[in-house]
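A look at the structure
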There are 2 protein chains.
Amino acid sequence: MTTTNDLPGADLAGDAPLPGNRSRDALRAAQMYYLQDLTMNAIARELRTSRSTVSRLLSMARATGLVQIQVNNPSDRAPALEQQIRRRFGVEAHVVPVADSISDSEVLDRVAIQAARTIGPLMDSNAIIGVAWGSTLSAVSHHLTRKQTHDSTIVQLNGAGNTQTTGITYASEILRRFGQAYGARVEQFPVPAFFDHAATKTAMWEERSVRRILDLQQRMTMAIFGVGSIGSGIPSHVYSGGYLDREDLETLETDEVVGDVATMFFRADGSHRDILLNARSTGPDLDQLRTVSRRICVVSGESKINGLRGALAAGLATDLILDEGSARRLVHA
Amino acid sequence: MTTTNDLPGADLAGDAPLPGNRSRDALRAAQMYYLQDLTMNAIARELRTSRSTVSRLLSMARATGLVQIQVNNPSDRAPALEQQIRRRFGVEAHVVPVADSISDSEVLDRVAIQAARTIGPLMDSNAIIGVAWGSTLSAVSHHLTRKQTHDSTIVQLNGAGNTQTTGITYASEILRRFGQAYGARVEQFPVPAFFDHAATKTAMWEERSVRRILDLQQRMTMAIFGVGSIGSGIPSHVYSGGYLDREDLETLETDEVVGDVATMFFRADGSHRDILLNARSTGPDLDQLRTVSRRICVVSGESKINGLRGALAAGLATDLILDEGSARRLVHA
DNA sequence: AACCTGATTGCACAAACGTGCAGACGGGTC
DNA sequence: GACCCGTCTGCACGTTTGTGCAATCAGGTT
């Protein structure tokens, strides 16, 4: 082909420059491209613009949630792994296919993209969404696709401050992106991840500013979180980021903690009674978390397997999004 | 580009040739392509196959309904035309964007594609779908995308025989395609479009074989039909295809008929009382049709505008899929 | 009017994609 | 074993799509 690109001599019969033209064109283009199978060139002619503009209109249509693409495995014959996980652990599994040859950070990225797209369709109006923070959630938040909703709220699940920073910029970035993608209010939780003294927590928990957040958490319709894991390979953010001192880490060990969800710790059997640190943690009580009707856990990387097992034993999740490698480890052992 | 195509030296580490490999790969490919934004080349590497195979896997995934693409106009700021139609006529309108420069048959084709894709997501298990026949429905039936359902039934809305043929091959092809796309049973209605004598209809309507179909029609959860139109330009199939003789056409005129749905006629004001031909027609009683909870009317081409107005006045449709030109004519007059 | 600044456009090129074709494979038949 | 026929594969090629860049436009400021 000799690069007879774009439109040759159009743009002579100008369309009225109507208001809101941009997004109207995006909708038209999307309909013609995805519903009528026209090529971008054909669409460009009908829209009296250049093909490259159509390409951009379409990518805008995708980014703003105007176009939604779903991949649904006909549940009756879903991949074996997902079925096994559902049977063994009682959660709806979404296994992200990845070759085992790729790097951990790439796996995280791909799990995050797919998680973001899986969450999208579940997002609803009038929802109250609890969101944790951490490297997993951060990755997810970068790939959310827009979807307009009314009267929904994003609420932070646990404080993010530590001894060095208030953690606000990090956690709030995550929340902000969620809020923006879904057109939702954002409610931050401006407390440290852990109090130094359990008594301070008790006191703060009586404050009305805090109770407002706790109240929202109680009414959550959906919660989204990763897991932290102790004991195999790389420790998660919480265990190395200045949130806990040496003494804390020792008590975790004596309490036989294997992991955490939103800085609330649990043991391999799923129990969380009498784990000292939880009395100072600002995460949601795990019994309360279990009352939320949709609880989505995102996990990437096999180093999290111990924490994940604990979380599953505790029944913290209703939906589990994880990479294929971890899924395999989970069932084959 | 120097055509550095497809994978250079793969296919040495063979994967196990598992059963059902094909559709599993299609699912994996679809997830990686649509959910993770990998290129087909990258997918080919992970799947240990060639890029072209991935391309084919993906088009298979789309064709079998594994991937579903939706374009949703955020109803609050839907295109003006759709809003006006909804207000004026009380139906949910889906306007198919087409430039006014293209030919009638092309318009029909594009309306049909978009109609097929619009119907797809509405299709459900345990549904009983009534389907009419005619050039519009025929076009739609060619573009249905597969979607597996359980225990659903496609039932023919009106007989298709005429004096020359039993009409079976034509109408049944349409039904067959619907049935195949949705994995549904197909129930044909083996009667002529019109009886010569109303008495024959009365008699036949008591036959158990016919009652079975009528019973299904009574329990329809969805109906899909076009409209026939008299009086402007090209007459529809029914008016020229050997179904009616001159005398019949004359009675239609004296009865002030403007169009039909599934060979049941109505006037411009939507009424259908005392239209003689209806007593001999095998289409569903219009009062009964109105009890179906979802009634989708597909219209392409401005020549149908008169019939369409009548059908809307009669309140026959809950959803209307039509081309932009007709939509404009509909509101601007 | 002159000037800046950010958004938007079309172009040119490179990357990604779809598909006709010929060869390879599989399994049934003579 | 030889043969046939339908299916699947990779290749080559042409087509379609994404994107950096420079020119242009819109609207606000000096």
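As annotated in an unreviewed UniProt entry, chain A carries the name Sugar-binding transcriptional regulator and comes from Arthrobacter cheniae. The UniProt entry for chain A carries the following comment under Sequence similarities (unreviewed entry): "Belongs to the SorC transcriptional regulatory family."

Things to note about the sheet that holds strand 9 (residues 264-267) of chain A
Residues and elements named next belong to chain A. On the basis of which strands lie adjacent, the open sheet formed by three strands has the order 7-8-9 and antiparallel pairing. The two strands at the open ends of the sheet, each matched to only one other strand, are strand 7 (228-229) and strand 9. As paired elements, strand 7 and strand 8 (residues 257-261) share two bridges and run antiparallel to each other. Looking at strand 8, one finds that glycine 228 is bridged to aspartate 260. Here helix 13 (residues 305-313) sits on the sheet and contacts strand 7, strand 8 and strand 9; the angle it forms with strand 8, its principal contact strand, is near 75°.

So, helix 4 (residues 80-89) of chain B
All names here are of chain B. For helix 4, the full list of buried residues reads Leu81, Glu82, Gln83 and Ile85. Those residues of helix 4 that are buried lie in contact with strand 2 (92-96), strand 11 (319-323) and helix 14 (324-331). Remark: glycine 90 follows helix 4 within two positions and exhibits a positive phi of approximately 70°.

Notes on the packing of aromatic side chains
Evaluation of the coordinates by the stated rule reveals 10 aromatic pairs over all chains. With a centroid separation of 5.7 Å and an interplanar angle of 35°, the aromatic rings of phenylalanine 189 of chain A and tryptophan 205 of chain A are classed as tilted. Residue phenylalanine 189 of chain A is found in the loop between strand 5 (185-187) and helix 8 (198-204), and its partner tryptophan 205 of chain A is found in the loop between helix 8 and helix 9 (208-218); the two are separated by 16 residues along the sequence. The exposure class of phenylalanine 189 of chain A is buried, given its relative accessible area of 3%. Aromatic side chains phenylalanine 194 of chain B and phenylalanine 265 of chain B sit 6.0 Å apart centroid to centroid with 15° between the ring planes, which places their arrangement in the stacked category. In this pair, phenylalanine 194 of chain B is assigned in the loop between strand 5 (185-187) and helix 8 (198-204) and phenylalanine 265 of chain B in strand 9 (residues 264-267), connecting sequence segments 71 residues apart. Residue phenylalanine 194 of chain B is classed as buried on the basis of its relative accessible area of 8%. Ring pairs connect the aromatic residues Phe189, Phe195 and Trp205 of chain A, which therefore count as one cluster.

Side note on the relation of the copies chain B and chain A
Both copies of the chain are tied together by a single rotation about an axis and a shift running along it. Of the two same-sequence chains, chain B is brought onto chain A (RMSD 0.1 Å, axial shift 0.0 Å) by a rotation of 180°. In symmetry terms, the pair is related by a two-fold rotation axis. The rotation axis passes nearest to the C-alpha of isoleucine 69 of chain B in chain B, at a distance of 2.2 Å. When the interface residues of chain B are mapped onto chain A, 100% of them again fall at the interface, so both copies present the same face.

Structural notes on the side chain of aspartate 323 of chain A
All names here are of chain A. Relative to the helices and strands, aspartate 323 is located in strand 11 (residues 319-323). Buried and without a salt bridge, aspartate 323 has arginine 328 as its closest oppositely charged side chain, separated by 8.5 Å. Polar contacts involving the side chain of aspartate 323 include one to the main-chain amide nitrogen of glycine 325, which spans 3.3 Å. Sequence-distant contacts of aspartate 323, that is, excluding residues within four places in its chain, are made with Val95, Val96, Val98, Val107, Val111, Val299, Ser300 and Gly301.

Observations concerning the environment of serine 209 of chain B
Residues and elements named next belong to chain B. With respect to the helices and strands, serine 209 occurs in helix 9 (residues 208-218). When its relative accessible area of 51% is taken as the criterion, serine 209 is described as exposed. In sequence terms serine 209 and phenylalanine 189 are 20 residues apart; their C-alpha atoms lie 9.4 Å from each other.

Definitions and limits used
- All residue numbers refer to positions counted from 1 along the written sequence of the respective chain.
- Working convention: letters from A go to chains and numbers from 1 go to ligands, in the order in which they are written.
- Totals for whole chains, interfaces and linings use all residues, but because this is a predicted model, local features are given only for residues with pLDDT of at least 70 and pairs of side-chain atoms are given and counted only at 80 or more.
- The basis for every side-chain value is the complete set of heavy atoms in the structure, and neither hydrogens nor water enter the calculation.
- UniProt positions are given in the numbering used here, feature names are shortened, and annotations may be inferred rather than shown by experiment.
- Two strands qualify as a pair provided DSSP detects at least 2 bridges between them.
- Strands are runs of DSSP state E lasting at least two residues, helices are runs of H or I lasting at least four, and both sets are numbered from the N terminus onward.
- Throughout, a contact is declared for two residues whenever any of their heavy atoms are within 4.5 Å.
- Axis lines are fitted through C-alpha atoms, for helices just across the contact stretch, and the angle between N-to-C directions can take any value from 0 to 180 degrees.
- For each residue, the accessible area found with a 1.4 Å probe, counting protein chains only, is set against the maximum for its type, and the residue is called buried under 20%, exposed over 50%, and partly exposed in between.
- For this analysis, a ring pair means two rings from Phe, Tyr or Trp (six-membered ring only for Trp) whose centres lie within 6.5 Å, classed as stacked if their planes differ by under 30 degrees, edge-to-face if by over 60, and tilted for the remaining angles.
- We place the copies in one frame by least squares, fitting the C-alpha atoms of every residue whose pLDDT is at least 70 in both.
- In this count, Lys and Arg are taken as positive residues and Asp and Glu as negative ones, while His and the chain termini are left out.
- One speaks of a salt bridge when a side-chain nitrogen belonging to Lys or Arg is within 4 Å of a carboxyl oxygen belonging to Asp or Glu.
- Whenever two N or O atoms come within 3.5 Å, that pair is a polar contact, provided that in protein one can donate a hydrogen and the other can accept it, and provided that, for residues adjacent in sequence, both atoms are side-chain atoms.

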